[in-house]
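Tertiary structure, described
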Amino acid sequence: MRNLLIALLASAAAASMAILPAQAEFPEKPVKLIVPFSAGGGSDGLARAIQAAIEKHDLLPVPFVVVNADGAAGTVGTRQVLDAEPNGYTILQIHQEMFAASALGRVEYTPDDFEPVIQATRGCMFVAVPESSEFKTLEELIAYAKQNPGKLKQADDIGSATHFPSAMLMSQAETEWTIVPTGGTSKRFASLKGGFADLAFMSTPWLERGKNDLRPLAALGMERFDEAPDLPTAQELGYDISACLMRRYWAPKNTPEEAIKVIADAIEAAIETDEVQEYIANSGEEAAVLRGEELRAAIAKDYQDYVGVVDVVKATSGQ
Amino acid sequence: MSEVFAHILTGGLPWIVLGTAVGIFVGAIPGLSGAMVISLALPMTFFMSGEDALLLLVSMYIGATTGGLISATLMRMPGTEAAIMTTLDGYPMAAAGEPARALGLGVLASFVGSMIAWLILALLSPPLSLIAVRFGPYEIFAMTVVALSLIATISRGSLVNGLLAAVLGALVSLPGVDPITGTLRLTFGFHGLDNGFALLPVLLGALVLSQVLVDCGDAIRPMSATRGGSCVVMRMSDLARYAWTFLRSSLVGTWIGILPGVGGTTASIAAYSIEKAVSRTPERFGKGAAEGIIASEAANNSGTVGALVPLITLGIPGSVITAILLGAMVIHNLNPGPLLFAENPAIAYTIIGGVLVANVAMLAIMWLATPLLARLMYVNKAYLLPPIVVFCFIGAYSVSSRLFDAGVMLVFAALGYLMHKAKIPTGPFIIAYILTPMAEENLRSGLVIYDGSYLPLLTRPVCAIFLAVAVAFIVWALVSELRSFRKAAA
């Protein structure tokens, strides 16, 4: 009996020795990706596409699980990652909605409280007015806004990741207009079509979808859109702004470098698969992979831009 | 187009039957919702064709709305949000020994409501959606005020208790993110409350778990099956007898469903209250009136189908589930939006045809299942309640993947139980909780659009009519309350 026990203990010890080196190998249990928005939206769509690619092509040795933690403009899910163990097993996917909440002081955390993992995609917007609008160009729109401050109505979401670039446009044009709380792009479309708003920032799929109802005035990307080569960018028209949702992955502060690298490698490989490329094209966005120092620099600039227009955002936040 | 329908009836049929059955099942179980199962099914549809994916998801959507009536009728627990009003008359009728008839009426109403809405979807989608987008924030606000004023109708006979419950419900809806400015309010720095009291935990607590507590309080004893009740599930004569109720409720439901952001729940609240208001015997409502069951179920199903109108004509989702359907269309590169009918009519007709077949599948499944389900009424509740409690916890947890919401559910279970003991109705509580944020958001949005002016509420004709109706309802409820009070005193 005693011998048996010793034998068991010995084998247990041996087994644990065998496991020890493996323990250093990340990952050894499922990785949880928190999407702080509900199922069916753009954030969820990308996360699910990447998850499917990781599973299909065995890009991680463990399951990659997507968890929707919707609520309070993404802050409920973001907090779950903020409070998670920094071991690489809990990561977050969010766009600049996080910067908006921080810049406005709605939350006490900032982007510095997270480790950036990788940037996946970029989805740029354009300035749209209803087809029946009197404004044919961005200059006409802004000239009107300057003569009638506060009169134009923009369908948007107050304090959201599109309100900030709107504020940047207002501050560069040295005027202001009113932000009407409306919702996502399809609700903005309804508002424009119903005659309740004068302009809105719309995502690129609406160039095609809205071609009978909307008139695009300016592209809000760095370059002209492939889908609309004749549409000038705001930059060309003299406004140094862009409005692009950057979908980025984050880990809790102090997550080990190796773990971040493993996950970033898997996500980058997933983005390169045909399936994810197809999804990104379908959703009207583009792959825009950034990692490491480049990513940190991009985030720092992005966040600074947000903080820079907080006063304008607050001034146009209604009551 | 014939190819589209041929596909629906061949390759697509299994998906429709599967989707409808799964939808009915999750709809019937409090705690599992249509939105939940559709978001779970969404990633699985990546491997299907876009058409089949839509057929599966749309069928789940239709099934889930119908399934809610089963638990609402047999256990007084709404299986889905949209079945709240069904509990009011479905359960009393079932408890009076006629569960099969109560279920049968609900199924028939669901089918008729869906079919009327389907006709409208197939024939009138484009013009109606154009009218719907002209419905701005003030119009929706005024309509919500009408629905809120109907609380007074529903709580006739105990107006004070009803209003008390409604005020409580309105207050509970306030904490969380301010719908207009996006800032946090009334959370007292406590991050658990950042998202406010979410719908599912409040609903599961106040209406389902509280009922579990009530059931546990009563000595658990299966209802005796010897009380009989007819075996007849559906009578065609009901169609003629309640023809106006079917028609009114389905039309009200379809229209409310079409409006963006207003769904099947509001539809059934409005239709139920209207039927009670026009009834010559309103006192039967709440005690097992057939019209009550019909109004609620015809309206919530027609609202469900109606919500597809703006989705397929303009790409505007009016509810959580239609937003997921929109996401599915994007993932499958079906490019939803105002051009869907013009550029991809096959997809639009797939949805329209799928709804029709799913309606028929729903009727067939429910018809076969009703006699079996009715016997649940006589099953010892000791076997039914524990799994329901488990599903409630799963449902509450799923909202934001955190345990806090399960705690919220328990608090509201206690509140619902206390309200039951104090004879304060939970109906007005939950109705006010659902409608108040809708009213607030649209009123304040309208104030931004009209530069702070309330005047358009009176000068825009639709707003003015709705508000006049609301005032009339309130005055009428007060007068009749006063009259019955005098009668009692005399």
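Residues numbered from 1 in each chain as written. Chains lettered and ligands numbered in written order. Predicted model: local features only at pLDDT ≥ 70, side-chain atom pairs only at ≥ 80, totals over all residues.

If you check an unreviewed UniProt entry, chain B appears there as DUF112 domain-containing protein from Chelativorans sp..

The record in UniProt for chain A states the following under Sequence similarities (unreviewed entry): "Belongs to the UPF0065 (bug) family." (UniProt positions renumbered as here; feature names shortened; annotations may be inferred.)

**Details of the overall build of chain A**
From N to C terminus, chain A includes twelve helices and ten strands. Projected onto its principal axes, the C-alpha coordinates of chain A cover approximately 95 × 40 × 35 Å. Every one of the 319 residues in chain A was classed for burial, and the buried ones make up 52%. (Helix = DSSP H or I, 4+ residues; strand = E, 2+ residues; numbered from the N terminus. Buried ≥ 20, exposed ≤ 12 C-beta atoms within 10 Å, placed from the backbone.)

**Details of the pairing of strand β5 (residues 153-156) of chain A**
All names here are of chain A. Judged by which residues are buried, β5 turns out to be covered on both faces: Lys153 and Ala155 on one side and Gln154 and Asp156 on the other are all buried. Bridge count for β5 against strand β6 (residues 178-181) is four bridges, and the pairing is parallel. In the sheet register, alanine 155 faces β6, and the bridge partner there is valine 180. Between the parallel elements β5 and β6, the chain passes through helix α6 (residues 163-173) in a crossover that is right-handed. Pairing analysis gives two bridges linking β5 to strand β7 (residues 199-203), with the strands arranged parallel. Within the sheet, the bridge partner assigned to glutamine 154 lies in β7 and is leucine 199. (Pairing = 2+ DSSP bridges. Right-handed = clockwise from strand over helix to strand, strands pointing away.)

**Quick notes on the environment of serine 149 of chain B**
Residues and elements named next belong to chain B. Residue placement: serine 149 occurs in helix α7 (residues 137-154). Overall, the presence of 21 C-beta atoms within 10 Å leaves serine 149 in the buried class. C-alpha separation for the pair serine 149 and proline 14, spaced 135 residues apart in sequence, amounts to 44 Å. When sequence neighbours within four positions are dropped, the list of residues in contact with serine 149 reads Ala470, Phe473 and Ile474. (Contact = placed C-beta atoms within 7 Å.)

**Observations concerning the domain arrangement of chain A**
Many authors give the size of an interface as the accessible area that is lost as the parts come together. Residue and element names in this part refer to chain A. The assigned domain composition of chain A is domain 1 (30-123 + 244-308) and domain 2 (124-243). Centre-to-centre, using C-alpha coordinates, domain 1 lies 27 Å away from domain 2. With twelve residues of domain 1 at the contact, the number on the domain 2 side is twelve residues. When contributions to the side of domain 1 that touches domain 2 are tallied by element, the ones reaching two or more residues are α4 (97-103), β4 (114-130), β9 (244-252) and α11 (292-308). When grouped by side-chain class, the residues that make up the side of domain 1 that touches domain 2 number five nonpolar, four polar and three charged. (Domains from an automatic or database assignment. Nonpolar A, V, L, I, M, F, W, Y, C, P; charged D, E, K, R; others polar.)

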